[in-house]
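Working through the structure, step by step
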Amino acid sequence: MALLEVKDLTIRFGGLTAVDNFELILESNELVGLIGPNGAGKTTIFNLLTGVYAPTEGSIHVDGVNTKNKKPNQIVMLGSSRTFQNIRLFKDMSVIDNIKVAYHNQMTYNLLSSIVKNKKFRREEQEAVDVAVELLKVFGLEQFQNELAKNLPYGKQRKLEIARALATNPKILLLDEPAAGMNPQETEELMETIKLVKERFKVSVLLIEHDMKLVMGICERIIVVDYGKIIAKGSPKEIRKDKAVIKAYLGE
Amino acid sequence: MGLSKLFGTVLPHKAYKKLSISTVFINLAFVTIIFLVLNTLINTGILNRYYSTIIVLVLVAIVMSASLNIATGFLGQLVLGHAGFMAIGAYTAALIGIALYPVITDGFLFLSRNLLIFLISASGAALTASIAGLLVGTPALRLRGDYLGIMTLGFGEIVRIILTNVEFTGGAQGLKAIPRIMTFPIAFWTTATIVLVIYLFMFSRHGRAILSIREDEIASESVGINITKYKIMGFVLASMFGGIGGAIFAFQGGFLAPVSFGFIKSVEIFVIVVLGGMGSISGAIVAAIFLTFLPELLRDFDQYRLLLYSMMLILTMLFRPQGMMGTKEFDTPRYLRALKRFFLRKKKTDDLLKGSDQ
């Protein structure tokens with residue numbers, strides 16, 4: 001069973017078909033890129049995968065479970081976690097608290113324990129701190145742990161968002177334009193980080209990106225969409241030569 | 001595979017400072033000292049009845065603003081009808097109190113008669129207020145910002161108008177002959193317990209979940225927080241503690257009238273929260289003390305009170321939009337440490353100076 005299985009995914013907003021018969025099979029520990037011109041429907045696909053929108057037609061299975069009628073927070077618990085195109089951190093919370101919020105579902109103590117602070121509470125909170133610090137270390141953010149998230153520089157905010165997504169213990173990581181707004185050096189650093197994350201946490205990564213250097217550099221497979229339809233699939237090499245892709249990006 | 005297992009055995013990292021139990025105990029000791037001082041002052045008559053009444057009213061204001069802070073400060077929802085929950089709590093407690101007063105004539109175990117009656121009626125108040133919170137909170141989840149504000153404002157007015165028109169609450173004439181069982185120790189420790197519970201709650205995974213909803217609902221949902229559940233939880237907790245605040249108020253005055261729970265009361269509580277700092281419990285406490293004492297001192301200018309409130313709101317928004325305390329908390333151990341450092345340094349410099357003399 002594939003980790004993520006998407007069949008005939010379609011969504012219509014009134015007369016506009018934003019995503020049309022999208023298909024995807026993501027195996028474990030794969031790194032797949034999703035590219036396409038502006039307005040092609042990439043982010044809409046992400047919103048469908050994470051349960052923000054309900055598809056008009058088609059089905060999505062995460063780790064074998066149909067996500068139909070599931071809320072975004074339930075889909076996260078199935079094991080798919082995302083980042084956002086425009087960073088959405090908990091700005092006025094500390095860096096470590098950002099991670100701890102995402103660790104919420106890995107903890108089980110109840111409301112009463114949080115008031116009496118019993119043994120279970122202390123053990124799980126300590127575990128949350130340990131995991132959060134280790135995660136921050138992976139991203140080189142551990143010295144900022146008590147800083148407010150909004151005070152981090154842009155590149156570090158991006159990293160924190162990925163770290164936060166990982167704290168939910170996902171099997172699939174959905175990255176929405178992680179390199180947006182980064183300079184070439186930061187992008188380079190990000191490429192290394194994504195590779196490292198994939199190896200270290202054994203996750204599959206689905207990546208939306210406009211930076212071709214990044215996409216061609218690290219993706220094993222690439223899917224190109226335009227006007228909500230898949231126009232090409234294949235290895236970076238094949239995509240680079242694909243007629244339809246060149247047409248979509250550059251015109252006739 | 002759990003993340004903690006992935007990292008293998010790591011050395012336990014220094015737990016986040018807010019976790020430490022000793023912080024709570026030191027703050028508790030601090031609160032006890034305040035209690036002993038005030039209690040002695042009241043018992044010896046240095047603070048007369050007028051002042052002890054005001055002190056209890058301050059405590060009510062603290063409970064009301066600390067509870068509203070859960071919904072407005074932490075959850076980030078604009079609630080303009082908190083007096084409605086207070087009214088529900090106050091009337092419930094008063095009615096239970098009136099019924100129980102002739103029945104319970106003796107204390108039970110270590111509980112005095114007054115405390116026993118208060119505990120039972122306050123539990124009733126908490127129950128009815130939290131049911132009201134649930135009823136308002138559930139549809140309110142669909143609304144945001146000003147719309148939610150208007151809806152809760154409407155709720156407050158509905159409660160007031162119902163209370164004015166129903167028979168068994170005494171209608172517009174008010175509910176009389178409520179046993180005045182409120183004593184300073186009961187009011188003080190109820191308030192302290194509520195503040196402590198809110199404080200402890202906020203430094204847990206549940207509290208963090210509520211904070212994350214204020215910061216960014218979409219992101220919060222995307223890391224697996226059930227935002228429906230936590231919004232309702234925040235609403236219900238706020239209304240529950242608000243109801244208990246109403247119970248203290250009811251047994252203090254011995255008389256309840258619907259007019260005391262109008263829109264202006266809600267605004268008063270809201271101003272306290274904004275002035276103290278949305279998201280700071282200690283800020284709410286400081287602002288509650290300040291804003292309850294000030295109108296008492298300015299009794300002669302009573303009709304300008306609302307003017308004063310709006311002026312203060314405008315000035316706060318202009319010069320300190322985050323409120324007095326922002327989202328920070330009063331932290332006795334930290335101040336003690338700072339004090340210790342200060343004296344140590346002073347001693348060191350003194351020693352150095354002595355050394356250089358020789």
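1. What about the confidence of the model for chain B?
Residue and element names in this part refer to chain B.
- Considering every residue of chain B, the mean pLDDT works out to 84; 91% of them sit at 70 or more.
- Within chain B, the lowest mean pLDDT, 63, falls on helix H1 (residues 3-6), and the highest, 94, falls on helix H4 (residues 82-100).
- With pTM at 0.87, the complex prediction returns an ipTM value of 0.89.

2. With respect to the packing of aromatic side chains
- Following the criterion strictly, the structure yields 13 aromatic pairs over all chains and no others.
- Seen from their ring centres, Phe188(B) and Trp189(B) are 5.2 Å apart, and the 85° between their planes marks the pair as edge-to-face.
- One aromatic cluster is present, built from ring pairs that chain together Phe35(B), Phe184(B), Phe188(B) and Trp189(B).
- In this structure, Arg88(A) is placed above the aromatic ring of Phe84(A), and the distance from its NZ or CZ to the ring centre is 5.5 Å.
- Seen from the ring of Tyr109(A), Arg205(B) lies directly overhead, with NZ or CZ sitting 5.4 Å from the centre.

3. Brief notes about the interface of chain A and chain B
- Taken together, the contact pairs 50 residues of chain A with 41 residues of chain B.
- Summing both partners gives a buried area of about 4,100 Å² for chain A against chain B, and 64% of it is carried by carbon and sulfur.
- Summed over the shared surface of chain A and chain B, the result is two salt bridges.
- A salt bridge links Arg88(A) to Asp216(B), with the shortest nitrogen-to-oxygen separation between them at 3.0 Å.
- Listed by contribution, the elements that provide at least two residues to the side of chain A that touches chain B are helix H2 (72-78), strand S6 (80-82), helix H3 (95-102), helix H4 (111-116), helix H5 (119-138), helix H6 (154-166) and helix H7 (184-201) of chain A.
- Of all the elements, H5(A) adds the most residues to the side of chain A that touches chain B, at twelve residues.
- Residues that form the side of chain A that touches chain B fall into these classes: 23 nonpolar, twelve polar and 15 charged.

4. Examining a positive patch on the surface
- A cluster of basic residues, Arg320(B), Lys328(B), Arg334(B), Arg337(B), Arg341(B) and Arg345(B), forms a positive patch at the surface.
- Tracing the sequence through the fold places Arg334(B) in helix H14 (residues 332-357).

5. Regarding the pairing of strand S9 (residues 221-226) of chain A
Residue and element names in this part refer to chain A.
- For S9, the tally of buried residues reaches five of six residues, placing the bulk of the element in the interior.
- Bridge analysis of strand S3 (residues 31-35) against S9 gives four bridges, and the strand direction is parallel. Its bridge partner lying in S9, Gly33 is registered against Ile222.
- Where S9 folds back onto strand S10 (residues 229-234) in an antiparallel hairpin, the turn is made up of two residues, including Tyr227, whose phi is positive at roughly 45°.

6. Description of the sheet that holds strand S2 (residues 16-26) of chain A
Residues and elements named next belong to chain A.
- Pairing in this open sheet of four strands is antiparallel, and the strands run S2-S1-S4-S5 from one edge to the other. Edge positions in the open sheet fall to S2 and strand S5 (65-66), since each of these has one partner strand only.
- Along the sheet, helix H1 (residues 42-49) makes contact with strand S1 (4-13), S2 and strand S4 (57-62), crossing S1 at roughly 115°.

Conventions and cut-offs
- Residues numbered from 1 in each chain as written.
- Chains lettered and ligands numbered in written order.
- Predicted model: local features only at pLDDT ≥ 70, side-chain atom pairs only at ≥ 80, totals over all residues.
- Heavy atoms only, no water.
- pLDDT = per-residue confidence, 0-100.
- Helix = DSSP H or I, 4+ residues; strand = E, 2+ residues; numbered from the N terminus.
- Phe/Tyr/Trp six-rings, centres within 6.5 Å; stacked < 30°, edge-to-face > 60°.
- Lys NZ or Arg CZ within 6 Å of the ring centre and 35° of its normal.
- Contact = heavy atoms within 4.5 Å.
- Buried area = accessible area lost by both parts, 1.4 Å probe.
- Salt bridge = Lys/Arg side-chain N within 4 Å of Asp/Glu carboxyl O.
- Nonpolar A, V, L, I, M, F, W, Y, C, P; charged D, E, K, R; others polar.
- Patch = residues over 30% accessible without salt bridge, like charges linked within 9 Å, V, L, I, M, F, W, Y side chains within 5 Å.
- Areas by Shrake-Rupley, 256 points an atom, 1.4 Å probe, with all protein chains shown as cover.
- Lys, Arg positive; Asp, Glu negative; His and termini not counted.
- Charge placed at Lys NZ, Arg CZ, Asp CG, Glu CD.
- Buried < 20%, exposed > 50% of the residue type's maximum accessible area, 1.4 Å probe, protein only.
- Pairing = 2+ DSSP bridges.
- Axes fitted to C-alpha atoms, helices over the stretch in contact; angles between N-to-C directions.

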